[in-house]
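# Chains, contacts and geometry: an overview
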Amino acid sequence: MADILCIGAGYVGGPTMAVIALHCPQHKVTVVDINEKRINAWNSDHLPIYEPGLQEVVERTRGKNLFFTSDHIGDHIDQADIIFVSVNTPTKTFGRGAGRAADLQHWEKVARQILEHSNSPKIIIEKSTLPVRTAQAMEQILNSNPSNIHFDVLSNPEFLAEGSAIQDLQNPDRVLIGGHGTPEAQQAVETIVNLYANWVPREKIITTNLWSSELSKLVANAFLAQRISSINAISALCEKTEADVEEVAYAVGTDTRIGPRFLKASVGFGGSCFKKDILNLVYICEKQGLHEVAEYWEGVLKINEYQQARFVAKMVSAMFNTLAGKRITLFGAAFKANTSDTRESPALVVCRELLAEHADVVLSDPFALENAKADLGADASKVTFEADPYKAAEGAHAIAVLTEWEDFVTLDYERIFASMVHPAFIFDGRIILDHQAVFDIGFNVYPIGKAPKQHFHWPPTNGFQAP
Ligand code: NAD
Ligand code: UGA
């Protein structure tokens with residue numbers, strides 16, 4: 001039996017450790033965090049994050065072999081044989097590399113804490129997403145210990161996606177474990193392989209050198225985001241040419257070399273990681289003097305910003321070039337469906353841009369309103385938050401669909417249309433509605449990547465330039 005500790009009880013640390021505890025009842029798993037409120041929530045019936053299936057896994061393991069605590073972190077470090085480090089690594093907001101580089105202050109603090117409290121050898125695992133070669137810094141800090149305690153530092157990046165975290169953890173495409181080639185390090189790698197082998201088939205557990213593992217995580221996110229930016233770039237061309245982006249994505253994605261997934265055009269990708277990890281990749285490339293490579297990946301982010309700006313520009317021009325004083329209802333605040341997470345959500349970008357147009361914005365979401373309020377900061381006071389989509393749409397001039405919640409697909413749009421100001425508009429930033437059906441009800445419909453369905457001709461096509 002090993003004593004497993006995870007430092008950081010966030011979106012990754014909490015669910016990952018819950019699944020490890022579920023499949024490895026022989027091990028004791030403790031999750032610590034400096035955020036006491038978060039730990040209290042993990043110990044309550046209202047977990048700090050919403051993930052389908054998470055509550056059940058936590059209920060089956062908590063108090064048996066899974067423990068959440070913010071007390072005596074040093075003692076837990078000392079007792080642990082294996083320490084996963086899953087702290088946040090956001091984009092740096094100050095000093096050198098501000099706006100691009102990863103902020104490693106939490107990471108380094110943890111390294112020093114481990115050094116201070118350890119009295120026995122340990123395997124330290126990078127679970128957070130980190131710049132390539134970060135493990136070297138961790139090793140240098142840990143090896144500065146005067147008592148010569150042996151630490152093996154491994155990389156085991158996490159590939160779960162929010163909204164499907166439990167499913168992804170239970171049945172991952174792969175588990176990646178990177179370590180040095182020394183016999184000690186390889187033994188540590190084998191220990192972690194055996195841990196995952198409790199439920200993951202061996203052929204899905206990949207082992208590589210440390211740097212490949214660290215870099216693969218950044219590259220996987222960059223490739224995923226690149227596919228979304230690629231189809232979003234094409235969605236702009238579809239709108240100009242009356243090609244349909246869903247038909248194009250299907251036709252392209254049926255080529256087995258390309259594949260169908262991650263080709264859903266949208267108002268843009270959000271989430272805490274794609275942007276930060278690509279910014280970090282760009283920064284690393286620049287520091288290595290690889291300017292062309294940096295510029296290539298930066299393009300993925302530029303298209304994402306363009307897509308969000310383009311969406312708002314379309315709303316303004318379709319609604320007679322003014323949104324001032326108009327009630328606009330946003331369906332969705334979360335950055336994707338099935339999560340309450342609003343970090344980098346395109347919905348909040350659109351919300352802020354509409355506020356800048358002096359629109360009267362109403363935000364509706366089944367799970368994410370609390371986080372949206374916090375993330376909007378001072379702007380929150382200018383927004384109405386309404387969980388009930390029917391109430392949210394009452395008296396609105398327009399609806400914009402910004403998160404692909406199934407709840408929004410199955411609403412009674414006849415009822416909604418009857419309660420709105422006419423002409424009524426729907427902007428579908430997720431391409432989830434039945435556009436013909438809502439058009440037939442009376443809406444003017446503007447889906448991403450498709451020709452609009454309008455009951456009138458605006459902007460005029462007779463050569464008159466709209467003001
Ligand atoms: P998060 O912000 O939800 O959680 C991180 C937690 O670490 C916070 O609760 C914070 O209080 C805690 N923490 C920071 N310093 C600490 C310290 N010294 N001691 C104890 N606790 C400390 O972050 P997250 O979304 O879980 O992401 C964590 C890492 O995993 C990041 O590097 C991220 O890029 C990566 N990642 C995230 C996801 C995701 O879906 N969110 C997926 C894969 C990888
Ligand atoms: C992403 C990756 O999918 C995970 O593998 C990775 O572990 C994680 O980042 C991370 O490192 O944090 P996540 O951001 O949770 O996971 O969610 P995704 O499903 O990747 O969606 C990201 C964004 O892209 C969402 O806003 C989503 O709506 C958007 N998206 C996704 C599209 O617009 N179109 C698509 O076809 C797919």
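Residues numbered from 1 in each chain as written. Chains lettered and ligands numbered in written order. Predicted model: local features only at pLDDT ≥ 70, side-chain atom pairs only at ≥ 80, totals over all residues. Heavy atoms only, no water.

Now for the site of ligand 2. Lining the immediate surroundings of ligand 2 are 21 residues, of which F159, L160, S266, C273 and R430 lie closest. With respect to ligand 2, the side chain of N221 contributes an N or O atom lying 2.8 Å from an oxygen atom. For ligand 2, an oxygen atom lies 2.8 Å from a polar atom in the side chain of K336. Summarising the interface, the protein chains cover 89% of the accessible area of ligand 2, which totals 690 Å² for the free molecule. (Near = heavy atom within 4 Å. Polar contact = N/O pair within 3.5 Å; in protein donor to acceptor, adjacent residues only side chain to side chain. Areas by Shrake-Rupley, 256 points an atom, 1.4 Å probe, with all protein chains shown as cover.)

The next point concerns the nonpolar core. In terms of nonpolar packing, the biggest core is built from 63 residues, with L330, L354, Y413, I416, F427 and F443 touching the most fellow members. The element contributing the most residues to this core is helix 13 (residues 346–356), with 6 residues. Look past the residues within four positions of L354 in its chain and what remains in contact with it is V312, M315, L323, I328, L330, A359 and V361. (Core = buried A, V, L, I, M, F, W, Y, C linked by side-chain atoms within 4.5 Å. Buried < 20%, exposed > 50% of the residue type's maximum accessible area, 1.4 Å probe, protein only. Helix = DSSP H or I, 4+ residues; strand = E, 2+ residues; numbered from the N terminus. Contact = heavy atoms within 4.5 Å.)

A pair can form between side chains of opposite charge whenever their charged atoms are brought close. One pass over the full model with this rule turns up 19 salt bridges. Notably, a salt bridge pairs E56 with R60, separated by 3.8 Å at the nearest N-O pair. Note that E56 and R60 are positioned in helix 3 (residues 54–61) at a spacing of 4 residues, about one turn of the helix. Given the relative accessible area of 48%, R60 is considered partly exposed. Here E298 makes a salt bridge to R100, at a shortest N to O gap of 2.5 Å. Note that E298 is positioned in helix 12 (residues 291–318) and R100 in the loop between strand 4 (82–85) and helix 5 (105–117), a separation of 198 residues in sequence. The exposure class assigned to R100 is partly exposed, which follows from its relative accessible area of 22%. Each of D244, E246, K264 and K450 takes part in one network of salt bridges that share partners. (Salt bridge = Lys/Arg side-chain N within 4 Å of Asp/Glu carboxyl O.)

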